[in-house]
Amino acid sequence: MNKLKCAILLLFVALGCKVASAQNEIFDSPDNHPYFGVRVDLDITAPTWAKNDLLKADLFDGGAGFHAGAVYNIPLWKNLYFEPGLGIYYNTIGYDLTTGYNSTIDCSIRRFGFRVPFDFGYHFDFEPCSVAVFTGPQIDLGITANSHSDSLDVNDGNEYGSDGLLNRFGLGWKFGAGVWFNRFVIEISGTVSMTDMMQSSMFTCHNNLVEITLGYNF
């Protein structure tokens with residue numbers, strides 16, 4: 001009888017150790033190591049209303065585009081990580097051009113540039129996938145921003161120039177979550193703009209961003 005009690009006790013101890021080990025790996029995975037990854041995003045731009053102390057105006061419309069780049073994941077402590085990246089983006093924002101005939105024409109500004117995220121995150125490891133949450137600053141550096149219209153020959157050159165409409169530099173704060181399955185990554189994030197996207201001092205306007213991301217970790 002004593003031998004049976006000892007066996008049952010040992011079984012419970014072994015099960016307890018196994019459960020504790022599994023719980024520990026959720027928050028502190030033994031497989032943590034630095035690695036490179038590639039990312040491809042769907043960009044959805046969401047400009048705010050342009051405003052000043054007296055009024056506000058809906059000058060810009062949202063648009064879409066893409067971003068492609070690479071990241072480097074650096075474990076910091078347990079499952080806490082730092083993930084800087086570098087990529088290129090192309091997206092659009094819309095606006096209405098008023099003509100001399102008292103009508104408006106749909107136009108867009110096509111933007112191309114570099115994007116540099118600095119994400120801090122934490123992942124929870126559940127077999128066979130992981131769930132991650134992350135946040136951090138993100139820098140946009142514009143290269144070109146050309147006006148375009150399908151119904152009118154509109155090409156005002158680079159809107160990032162000295163006489164242009166938009167600021168070349170943008171800084172935002174990013175929030176997001178994702179699922180890692182084996183080496184594949186699916187994420188959704190939003191970036192709240194912290195800088196004015198317009199060069200004009202008459203109005204201030206911010207361009208927020210939503211990203212839907214597919215990726216692969218090496």
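So, how was this worked out
- Residues numbered from 1 in each chain as written.
- Predicted model: local features only at pLDDT ≥ 70, side-chain atom pairs only at ≥ 80, totals over all residues.
- Heavy atoms only, no water.
- Helix = DSSP H or I, 4+ residues; strand = E, 2+ residues; numbered from the N terminus.
- Core = buried A, V, L, I, M, F, W, Y, C linked by side-chain atoms within 4.5 Å.
- Buried < 20%, exposed > 50% of the residue type's maximum accessible area, 1.4 Å probe, protein only.
- Contact = heavy atoms within 4.5 Å.
- Phe/Tyr/Trp six-rings, centres within 6.5 Å; stacked < 30°, edge-to-face > 60°.
- pLDDT = per-residue confidence, 0-100.
- Patch = residues over 30% accessible without salt bridge, like charges linked within 9 Å, V, L, I, M, F, W, Y side chains within 5 Å.
- Areas by Shrake-Rupley, 256 points an atom, 1.4 Å probe, with all protein chains shown as cover.
- Salt bridge = Lys/Arg side-chain N within 4 Å of Asp/Glu carboxyl O.
- Lys, Arg positive; Asp, Glu negative; His and termini not counted.
- Charge placed at Lys NZ, Arg CZ, Asp CG, Glu CD.
- Pairing = 2+ DSSP bridges.

**Student:** Whenever I open this one, unusual backbone geometry confuses me. Can you help?
**Tutor:** Only a minority of non-glycine residues have a phi that is not negative, and only a minority of peptide bonds are not trans. Between Glu127 and the following residue, Pro128, the backbone shows a cis peptide bond with an omega angle of 10°. With respect to the element layout, Pro128 can be found in the loop between β7 (104-126) and β8 (129-148). For Lys78, which is not a glycine, the phi torsion comes out positive at approximately 50°. By secondary structure assignment, the location of Lys78 is in the loop between β5 (63-77) and β6 (80-98). Even without being a glycine, Asn182 presents a positive backbone phi close to 55°. Along the chain, Asn182 turns up in the loop between β9 (169-181) and β10 (184-193).

**Student:** Sorry if this is basic, but what is going on with the nonpolar core here?
**Tutor:** Nonpolar side chains in soluble globular proteins generally cluster together in the buried interior. Counting 15 residues, the largest nonpolar core has Phe60, Ile93, Ile109, Leu166, Met197, Met198 and Cys205 as its most contacted members. Apart from the residues within four sequence positions on either side, Phe60 is in contact with Pro47, Ile93, Gly94, Tyr95, Ile109, Leu165, Met197, Met198 and Cys205.

**Student:** Where do I start with the packing of aromatic side chains in this structure?
**Tutor:** For any two aromatic rings, the description comes down to two numbers: the centre-to-centre distance and the angle of the planes. Evaluated as defined, the whole model comprises 8 aromatic pairs. Aromatic pair Tyr122 and Phe124: ring centres 5.2 Å apart, planes at 55°, arrangement tilted. Taking the relative accessible area as the measure of exposure, Tyr122 reaches 18% and is therefore buried. Judged by centre distance (5.2 Å) and plane angle (75°), the rings of Tyr216 and Phe218 are edge-to-face. What makes Phe218 exposed here is its relative accessible area of 52%.

**Student:** Help me understand the confidence of the model for the protein chain in this model?
**Tutor:** When pLDDT is low, close inspection of the predicted coordinates is not appropriate. Of all residues in the protein chain, 82% have pLDDT values of 70 or greater, and the mean over the chain is 85. Ranking the elements of the protein chain by mean pLDDT puts helix α1 (residues 2-27) last with 50 and β10 first with 98. The low-confidence segment residues 7-22, where pLDDT is below 50, has 0 contacts with residues more than four positions distant or belonging to other chains.

**Student:** How should a negative patch on the surface be read in this particular structure?
**Tutor:** A surface patch of negative charge is lined by Asp58, Asp61, Asp96 and Asp106. Following the sequence through the fold, Asp96 ends up in strand β6. Residue Asp96 is classed as partly exposed on the basis of its relative accessible area of 40%.

**Student:** What am I meant to see in the pairing of β9 here?
**Tutor:** For a regular strand, side chains alternate in direction, first toward one face of the sheet and then toward the other. Residues Gly170, Gly172, Lys174, Gly176, Gly178 and Trp180 point to one face of β9 and are all buried, whereas Phe169, Leu171, Trp173, Phe175, Ala177, Val179 and Phe181, pointing to the other face, are not buried. As defined by bridge partners, β8 adjoins β9 across 13 bridges and the pair is classed as antiparallel. Considered in β9, the bridge of Ala132 is made with Gly178. Pairing geometry for β9 and β10, over 10 bridges, is antiparallel. What sits directly across from Phe175, in β10, is Gly190.

**Student:** Could you clarify how one ought to interpret the side chain of Ser108 in this entry?
**Tutor:** For Ser108, the location among the structural elements is in strand β7. Looking at Ser108, the relative accessible area reads 15%, which means it is buried. In contact with Ser108, other than residues within four places in its own chain, are Ile93, Gly94, Tyr95, Asn146, Ser147 and His148.

**Student:** Would you take a moment to explain the pairing of strand β1 (residues 35-47) for this structure?
**Tutor:** Burial along β1 is one-sided: the residues Tyr35, Gly37, Arg39, Asp41, Asp43, Thr45 and Pro47 are buried and none of Phe36, Val38, Val40, Leu42, Ile44 and Ala46 is. Sheet topology places β1 next to β5; 11 bridges connect them, and they run antiparallel. Residue pairing for β5: Ile44 is matched across the bridge by Ala64. Sheet topology places β1 next to strand β11 (residues 207-217); 11 bridges connect them, and they run antiparallel. Paired with Leu42 across the strands is Ile212, a residue of β11.

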